[in-house]
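Tertiary structure, described
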Amino acid sequence: MSSTHGIPRPKPKIKPPKPRGPGTNVQEDWVKLSHAIKEIQNERANQLSFEENYRYGYNLVLYRQGDFLYKNVKTLIDEYLTQLTEEFIVPAFAAGNHADPTTRGQEGELLMKGLRKVWDKHNSSMRKLSDILKYMDRVYSVSAEVPQIIPAGLKLFLDNVLHRKTSPVQEQVVDAILGQIQVERDGYTINQTAVKECVEIYLQLEDQSAKQVYFTDIEPVFLAETRKFYVAEAEKLLQTCDAAEYLRRVEQRLDSEEARAYYYLSASTSPAVKAIVEANLLSPHLDTIVSMTGSGLDAMIDANKTDDINRMYRLFFEVSTHTGGPQAFRKGLRESILSRGRLINETNDPLNGGPDEVEEEKGKSKQNTPVQALSLALKWVQDSLDLKDKFDLILKYALLSDRTCELAITEALGSFINLNPRAPEFISLFIDENLKKGLKGKSDDEVDIVLDKTITLFRFITEKDSFERYYKSHLARRLLLNRSVSDDAERGMLAKLKVECGFQFTKKMEGMFNDMKLSADVMSSYRDYLANTTAPAVEINVTVMTSTFWPTTNSGAMCNFPPELLQACGSFERFYNTRHSGRRLTWQPALGNVDVKVAFKAKKHELNVSTFALVILLLFEKVADDDFLTYEDIKNSTQIPDPELQRQLQTLACAKFKILKKHPPSRDISTTDSFSFNSDFTSPLHKIKISTVASKVETQEERRETQDRIEEERKQQADACIVRVMKDRKVLGHNELVNEVTRQLAHRFHPNPAMIKRRIEALIEREYLERREDRKSYNYLA
Amino acid sequence: MAEDSEQAKQSDWVKIISKRDGHSFIVPRDVAMGSGFLRNSFNPEAGFLEGTQNTCEVDDRAIIVEKVMEYLAHKNLYAKAGPREEIPDFQERIPPDIALELLMAADFLEA
């Protein structure tokens, strides 16, 4: 049965319904109803009969008095609200500007509670009114197109209480709310519930455009206040806090503002507040925070403050995503790495520090202490590895393996490593050291880890060709002096390099391994051959090296062999030529070593010395024990070049085992010295290995030589590359050509455009290319 | 409909009295709640006289009140009926002679 069904079809015998209620006196009904409404407002509803009052409303509407009823009810509500406001709100108005936050807080709270009380009373009475006047809502309000009584009541509340014209309720309440928030921001506790209840009123009320009053009355003022607060806050914090503390405060602020927005404001305010905090506390100060002296990012990294770094990362990346946070952070990260890198470069390699004179001077002092130089080189690599490890850890734990940060770290590491022009040499030395000595006592796995780490450093190097050169010469030394601990480790390293740089890169090194193997074969057949012929007095072991595979940087040195050696060499040469005709053997005494038995006064010792040292020692065989040979004598009879000779003599006369006596005794060899055999030499060891004084870190001259060679090689590579590109394209513009060549060479080294330009000119001279008429591009000449 | 914990404490039955001839009807509370008028009058939150006494007087003849209660019971019974269940038509049970009066009562009672 529905009330909207209309009139049923006429049927016979329908009795007319009796009019409802006894009286249809509108005025009387209204008097009773208005009395009831007042009773309800005074919270005495339990004395009223719902049925009666409902019927009054029903009758009034039924007798077309809806308009009258609606208006009068509104007036009653109006009066009621006025009375409530006067009673509960106005007395709670703030008396004045109290400086004491507690008093202000209490006043504000009182006012808010008053407002809430009025609101609650009003709502409670409105619910009852709405029950009683339901019929009016259903029938009159709909047809008259006026709001139902509850929304009408809300509107009355808004107009009559909050936006009251006669007293400043609105200002007072907003002031109270802001005051409470301010008090809380200052670190005091407030009655959050009171604020929440007060704000809720604003959230429930809507203005004409159905927008919550909160967004017009409270939010804008609140945001303005917030902005003001944080401008001041930023200034205060920047002056009093270090970076870590600052960020901690910022985080707290963000958290508490968010909690505040969710708890007693509107959740939709949260992003705006967050933006304000960000815009005032973070964005303008990003760089200041990162580079704060003694507490910025760099200091955090120093102290391994993962939490602080992580906080900075989070704030910069999540909060300041679009205001330069990530950029500032990455910049700080890069600078931190670079400054650390520079420190490593400076402390471990003073050679790169100052201008040329200083360099020369330092270079000299370094030559005197090659061991120290070597350890510096190793330390440089170790420090670099440590630095990388440190940042890897930071990346993993503090930066959550952020890709962009990883990139920044890699970039910075790469650039500091490449700032050290000797990086390739040092890294190769480090590998050398590890494959030579370091591996003893380490398990294969540990070796692998060390080498893997080294490879990561190697990846940063842009001048890979330079590394290749050093690696080859170090490898050669390991192979020839049989110092490499395990062939497996060597090959493992080679495999790693191959993965990094491809087959081309390791081809020659593999050739070196191959030569070692072939030489072993050759030697075994040579021994068979000797067994059938008369063997020479000295037994020799030859390594045949393919000249293109092996680095021959330091091997120019020749000497006059004593007859015993010449004989042995001749024997091998004859043998070798029977097997391979047309190959020329060149002896490289600089790379060899010899076992020789020497009779001293005390006893005989077996010495292992370099070939040069042997040649020198053999000279003393013909000299009486007390006789001298001058430096000049030795030089003339051996023909060993000066630097090499000095080194050998130093080894024999000034190092740990003094086989020769030097006159006058001193640490350095000069051309005026003379030498005699030290027949008083004693040693508990029977077998003595006298290794040439190490000169493993290159001296300035060697370094220059190496540089020249590398330059030369690069020229050739650039030539080859240019020709290759031009052969393919036939015609190409200058810039395109330079770009293409740079791209192709990039995995070996970083060619500079000027150099490519010179190579192009050289190729034009040699008529591989010609300039076209436009002067900007080239033709390939077949 | 009457599952408020507040109301659960109260009696599950309410009394409806016809003012005109004094007949009273005791009906289950949830059946009575089918009427908006009755629901509001028994609403304990509002706290009207009816709510405290669990009794509501209605200004209709008993026969009308009876029919309304019958309808409310009918409505309550089939309110949760599945879509395929057959719901008997209540119209057949309305005697034509009280139809108009019943209609007005229904309007008043929001049934």
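Parameters and conventions
Residues numbered from 1 in each chain as written. Chains lettered and ligands numbered in written order. Predicted model: local features only at pLDDT ≥ 70, side-chain atom pairs only at ≥ 80, totals over all residues. Pairing = 2+ DSSP bridges. Helix = DSSP H or I, 4+ residues; strand = E, 2+ residues; numbered from the N terminus. Axes fitted to C-alpha atoms, helices over the stretch in contact; angles between N-to-C directions. Contact = placed C-beta atoms within 7 Å. pLDDT = per-residue confidence, 0-100. Buried ≥ 20, exposed ≤ 12 C-beta atoms within 10 Å, placed from the backbone. Parallel < 35°, antiparallel > 145°, perpendicular 65-115°, else oblique. Nonpolar A, V, L, I, M, F, W, Y, C, P; charged D, E, K, R; others polar. Core = buried A, V, L, I, M, F, W, Y, C linked by C-beta atoms within 7 Å.

**What about the sheet that holds strand β6 (residues 687-689) of chain A?**
What holds strands together in a sheet is hydrogen bonding between their backbones, with the strands either parallel or antiparallel. Residues and elements named next belong to chain A. Taking strand neighbours across the sheet as the criterion, the 3 strands line up as β1-β2-β6 in an open arrangement whose pairing is mixed. At either margin of the open sheet sits one strand with a lone partner, and together these are β1 (593-599) and β6. Between one strand axis and the next, the sheet turns through 25° on average, direction left out of account. Of the pairings in the sheet, the one linking β1 to strand β2 (residues 604-610) comprises 7 bridges and is antiparallel in character. Considered in β2, the bridge of V598 is made with H605. Of the strands in this sheet, β1 and β2 touch helix α25 (residues 611-621), which is tilted by about 130° from β2.

**Regarding the confidence of the model for chain A**
Put simply, chain A has an average pLDDT of 75, and 87% of its residues get 70 or more. Scored below 50 in pLDDT, residues 352-368 of chain A shows 15 contacts in the model against residues more than four places distant or in partner chains.

**Re the sheet that holds strand β7 (residues 731-733) of chain A**
Residues and elements named next belong to chain A. Read across the open sheet, the 3 strands follow the order β7-β9-β8; overall the sheet is antiparallel. With partners counted over all chains shown, the strands left at the sheet margins are β7 and β8 (769-771), one partner each. Strand-to-strand twist of the sheet, defined as the mean angle between neighbouring strand axes without regard to direction, takes the value 30°. Relative to strand β9 (residues 777-780), β8 runs antiparallel, the two being bridged by 3 bridges. Bridging across to β9, L769 finds its partner in Y780. Against the sheet, helix α29 (residues 734-745) contacts β7 and β9, and its axis sits at roughly 90° relative to β7.

**Describing the environment of A476 of chain A**
All names here are of chain A. With respect to the secondary-structure elements, A476 resides in helix α21 (residues 464-480). Overall, A476 belongs to the buried group, with 23 C-beta atoms counted inside 10 Å. Distance in space between the C-alpha atoms of A476 and M512 is 7.5 Å, their sequence separation being 36 residues.

**Regarding the packing of helix α22 (residues 487-501) of chain A against helix α23 (residues 503-532) of chain A**
The packing of two helices is summarised by the inter-axis angle and the distance between the axes. All names here are of chain A. Where α22 meets α23, the axes come as close as 7 Å, and the angle between the chain directions of the two elements is 150°. One finds that α22 runs roughly antiparallel with respect to α23. Mapping the contact onto sequence places L494, L497, K498 and C501 in α22 and F503, F505, T506, M509 and E510 in α23. Here the residues of the contact of α22 with α23 sort into 6 nonpolar, 1 polar and 2 charged.

**Comments concerning the nonpolar core**
Membership of the largest hydrophobic core comes to 84 residues, with the highest contact counts inside it found for L115, C198 and V199 of chain A together with V68 of chain B. With 9 residues, the top contributor of residues to this core is helix α3 (residues 66-89) of chain A. Not counting chain neighbours up to four residues away, the residues in contact with L115 of chain A comprise I89, V173, C198 and I201 of chain A. By size, the runner-up hydrophobic cluster in this structure holds 70 residues, among which are V277, A423, A476 and M545 of chain A.

**A look at the environment of D175 of chain A**
Residues and elements named next belong to chain A. By the element assignment, D175 lies in helix α7 (residues 169-185). Taking the C-beta count within 10 Å as the criterion, D175 has 19 such neighbours and is therefore assigned partly exposed. In sequence terms D175 and G108 are 67 residues apart; their C-alpha atoms lie 7.9 Å from each other.

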